[in-house]
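Structure at a glance
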Amino acid sequence: MSIFNYSSEPFTGPKLTAAVNSPSSGGVQMITYIPPRMIVTSNNDSSLSIWITSSDDWSDLKLEDIKTYDNSLDVATNGSWFPCEYDNDTSTLVVGHNSGFLSIWSVNHHHKDIHFIKKIDLRNPKPVNPFDSHAMYGMCILKEIGPDARILCGSDDGYISVVNIHSGDILSQTIFNSEAQRGINSVSVSGNKLLVANCSVGIYDKNLWYFDINLETNEIFYQDSMNLLVDNNRIQSFNFDVEWGEYSGGPCWFAGTEEGILWMGRANAKLDLVGYEALSESSIGAALAFINKPGRLAAAIHNIDQFSTGSP
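Residues numbered from 1 in each chain as written. Predicted model: local features only at pLDDT ≥ 70, side-chain atom pairs only at ≥ 80, totals over all residues. Heavy atoms only, no water.

The subject of this paragraph is the pattern of salt bridges. As enumerated under the stated definition, the model contains nine salt bridges in all. For Glu258, the salt bridge goes to Arg234, with nearest N and O atoms at 3.9 Å. With Glu258 in the loop between strand E20 (250-257) and strand E21 (261-267) and Arg234 in the loop between strand E18 (220-226) and strand E19 (236-247), this pair connects stretches of sequence that are 24 residues apart. Under the relative-accessibility criterion, Arg234 is labelled partly exposed at 32%. One salt bridge connects Glu259 with Arg234, and the closest N-O pair in it is separated by 3.4 Å. With Glu259 in the loop between E20 and E21 and Arg234 in the loop between E18 and E19, this residue pair connects regions lying 25 residues apart in the sequence. Members of the salt-bridge network, linked through shared partners, are Lys143, Asp148 and Arg150. (Salt bridge = Lys/Arg side-chain N within 4 Å of Asp/Glu carboxyl O. Helix = DSSP H or I, 4+ residues; strand = E, 2+ residues; numbered from the N terminus. Buried < 20%, exposed > 50% of the residue type's maximum accessible area, 1.4 Å probe, protein only.)

Let us now look at the environment of Asn303. Mapped onto the elements of the fold, Asn303 is located in the loop between strand E24 (296-300) and strand E25 (304-308). For the pair formed by Asn303 and Phe116, sequence separation is 187 residues and the distance between their alpha carbons is 35 Å.

Looking now at the environment of Ser22. Turning to its location among the elements, Ser22 is positioned in the loop between strand E2 (15-19) and strand E3 (31-34). Residues Ser22 and Ser42, spaced 20 residues apart in sequence, show a C-alpha to C-alpha distance of 8.2 Å. Dropping the residues within four chain positions of it, Ser22 is found in contact with Val28, Asn43 and Trp51. (Contact = heavy atoms within 4.5 Å.)

Sheet topology note: the E24/E25 ladder contains five bridges and is antiparallel. Paired with Arg296 across the strands is Ser308, a residue of E25. Linking E24 to E25, which pair antiparallel, is a turn of three residues. (Pairing = 2+ DSSP bridges.)

Summed over all chains, the structure comprises zero disulfides. Unpaired in terms of disulfides, Cys140 finds its nearest cysteine sulfur in Cys153, a separation of 8.1 Å. Cysteine Cys252 is unpaired, with the sulfur of Cys140 as its nearest cysteine sulfur at 16 Å. Judged by its relative accessible area of 0%, Cys252 falls in the buried class. (Disulfide = S-S within 2.5 Å.)

An order of E11-E12-E13-E14 is seen for the four strands of this open sheet, with the pairing classed as antiparallel. Looking along the sheet, the strands with just one partner apiece sit at the ends: strand E11 (138-143) and strand E14 (170-175). The average angle at which neighbouring strand axes cross in this sheet is 15 degrees, direction not considered. Of the pairings in the sheet, the one linking strand E12 (residues 150-154) to strand E13 (residues 159-164) comprises five bridges and is antiparallel in character. Within E13, the residue paired with Cys153 across the bridge is Ser161. (Axes fitted to C-alpha atoms, helices over the stretch in contact; angles between N-to-C directions.)

Right, let's get into the side chain of Arg182. One can find Arg182 in the loop between E14 and strand E15 (184-190). Put simply, Arg182 is tucked away with no salt bridge, and the nearest opposite charge, on Asp156, sits 7.6 Å away. (Lys, Arg positive; Asp, Glu negative; His and termini not counted.)

Read across the sheet, four strands follow the order E7-E8-E9-E10 without closing on themselves; strand pairing throughout is antiparallel. Each edge of the open sheet is held by one strand with a lone partner, namely strand E7 (76-82) and strand E10 (113-121). Taken over all neighbouring pairs, the strand axes of this sheet differ in orientation by 25 degrees on average, direction set aside. Note: strand E8 (residues 90-97) against strand E9 (residues 101-108), seven bridges, orientation antiparallel. Its bridge partner being in E9, Leu93 is matched across the sheet by Trp105.

Shown next as structure tokens:
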């Protein structure tokens with residue numbers, strides 16, 4: 001795992017400030033930041049790693065602890081942090097696993113520790129993919145605080161699930177595309193607007209899907225879809241990641257696809273493509289992260305590409 005500082009200087013890229021190895025020496029599939037100076041990552045199929053720092057640039061990042069869990073959950077593939085609600089010392093971590101389960105953890109900020117609370121089965125009994133994969137690749141917060149705080153999850157088996165993180169109740173489950181041949185890689189929510197990234201198979205399939213969410217009933221309603229593809233002769237195209245963002249013209253979205261392309265568009269009643277550009281590696285899709293005030297976008301393949309989006 002590597003930590004970079006975003007650089008706003010011209011002709012200067014992001015600066016590497018820390019690099020660490022997972023205790024298992026395996027690939028890090030999940031990274032979840034817990035403010036102010038804590039990170040939880042995947043370690044192996046039965047544990048999470050807790051990392052802490054005392055510096056603003058994370059240069060003294062160190063391993064604090066390893067937390068084990070039942071290996072039937074399998075490796076962590078995604079995570080989201082919900083802030084403190086009733087006291088300043090306890091918050092909630094939600095982790096998605098390769099098995100298609102969620103695990104819910106209590107975070108003790110004073111002791112820099114996490115404690116397992118419960119697990120939730122979100123598996124689709126009839127996966128849309130032919131591999132019987134239920135990996136929880138997509139996750140985002142639908143409502144951050146309150147007794148009805150909710151997480152929205154997108155699974156490789158095709159389910160979009162909405163879950164109350166306090167009660168553990170599954171509030172809705174929707175197959176994103178009844179004709180899909182591959183599952184969900186990423187989800188991103190802005191208000192009641194949902195974007196879903198997947199792999200399209202064949203010329204009639206799409207790899208970006210747009211939905212409305214009824215925030216009262218948690219129902220998901222289809223709005224539009226498009227296939228982000230430069231070479232139309234490709235049999236399939238993975239959309240690895242999608243993120244809502246903002247630029248000088250207002251709200252927008254970004255996506256990173258299999259051709260090494262970064263896409264940008266808008267979404268109102270329908271999806272509207274603004275344009276695209278090839279990233280430096282141009283061989284695989286990018287993982288994306290966006291932050292506003294000011295608008296900054298990072299795209300990670302083998303290198304880190306950073307962008308200023310022009311939003312204030």
